[in-house]
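Examination of the molecular architecture
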Amino acid sequence: MKSNEKSISKQIAFSAIFSALCCVSTLSLTVPLPASGYFNAGDVFVLLSGWFLGPLFGSFSAGIGSALADIISGYVVYAPATFIIKFAVALLSYVLWKLFKPFIKKNHSILYREFLQVL
């Protein structure tokens, strides 16, 4: 097996894990909001999948996991919209992370010092 095939299979495996984490955390920890809808811990894994898996695999795993949670919980009508929205959120989180990562590394000590002053 070539190393490129191994890395692609590794990315697919991690995508499946993050997809399952998005689904399970969305279904297990849910806080209803007063107006409408709910907040869930699946959004944390949506962002993490974008950061750790990259734009393609991370976005697909976030979209599939969140849409699967909608299907399991009985909101099948919202699954396509959830897939598109969570796909876009993971993609945007990756893009923003890549844009601001050099700035954060360069000014890490300044940010840390300001954070300590606030406390």
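Below or above, wherever it landed, is the structure these notes cover. Counting starts from 1 at the beginning of each chain's written sequence and moves along it residue by residue. Owing to the predicted nature of the model, reporting of local features is limited to residues with pLDDT of at least 70; listing and counting of side-chain atom pairs is limited to 80 or more, with chain, interface and lining totals taken over all residues. To get the side-chain values, all heavy atoms of the structure are used, and hydrogens and water are removed first.

Section: the packing of aromatic side chains
Working definition: a ring pair exists when centres of Phe, Tyr or Trp rings (six-membered ring for Trp) sit within 6.5 Å. Plane angles under 30 degrees give stacked, over 60 give edge-to-face, the rest tilted. In this structure the tally under the stated criterion is 6 aromatic pairs. A ring pair is formed by Trp51 and Trp97, whose centres lie 5.6 Å apart and whose planes are at 35 degrees; its orientation type is tilted. With Trp51 in helix H2 (residues 42-53) and Trp97 in helix H4 (residues 79-106), this pair connects stretches of sequence that are 46 residues apart. Of the residues examined, Trp51 reaches a relative accessible area of 35% and is grouped as partly exposed. Taking relative accessible area as the criterion, Trp97 reaches 33% and is therefore assigned partly exposed. Centre to centre, the rings of Phe83 and Phe87 are 6.0 Å apart; their planes meet at 35 degrees, and the pair counts as tilted. Of this pair, Phe83 and Phe87 both sit in helix H4, separated by 4 residues, roughly a single helical turn. Helix and strand definitions follow DSSP, with helices as H or I runs of at least four residues and strands as E runs of at least two, each counted in order from the N terminus. Classification of residues uses two cut-offs on accessible area relative to the type maximum, computed with a 1.4 Å probe and protein chains only: under 20% is buried, over 50% is exposed, and between them is partly exposed.

Quick look at the environment of Cys23
Mapped onto the elements, Cys23 comes out in helix H1 (residues 3-28). C-alpha separation for the pair Cys23 and Gly65, spaced 42 residues apart in sequence, amounts to 4.6 Å. Sequence-distant contacts of Cys23, defined by excluding residues within four places in its chain, comprise Gly65, Leu68, Ala69 and Ile72. Only heavy atoms enter the contact rule, under which two residues are in contact if any of them lie within 4.5 Å.

Considering the side chain of Asn40
Looking at the secondary structure, you find Asn40 in strand S2 (residues 38-40). Looking at Asn40, its side chain comes within polar contact range of the main-chain nitrogen of Asp43, at 3.4 Å. Ignoring any residue separated from it by four or fewer positions in sequence, one finds Asn40 in contact with Ser25, Thr26, Leu29 and Thr30. Pairs of N or O atoms within 3.5 Å make up the polar contacts considered here, provided that, within protein, one atom can donate a hydrogen while the other can accept it, and that residues adjacent in sequence are counted only when both atoms are side-chain atoms.

Note that every value here comes from positions in space, so none of it alone points to a role or purpose.
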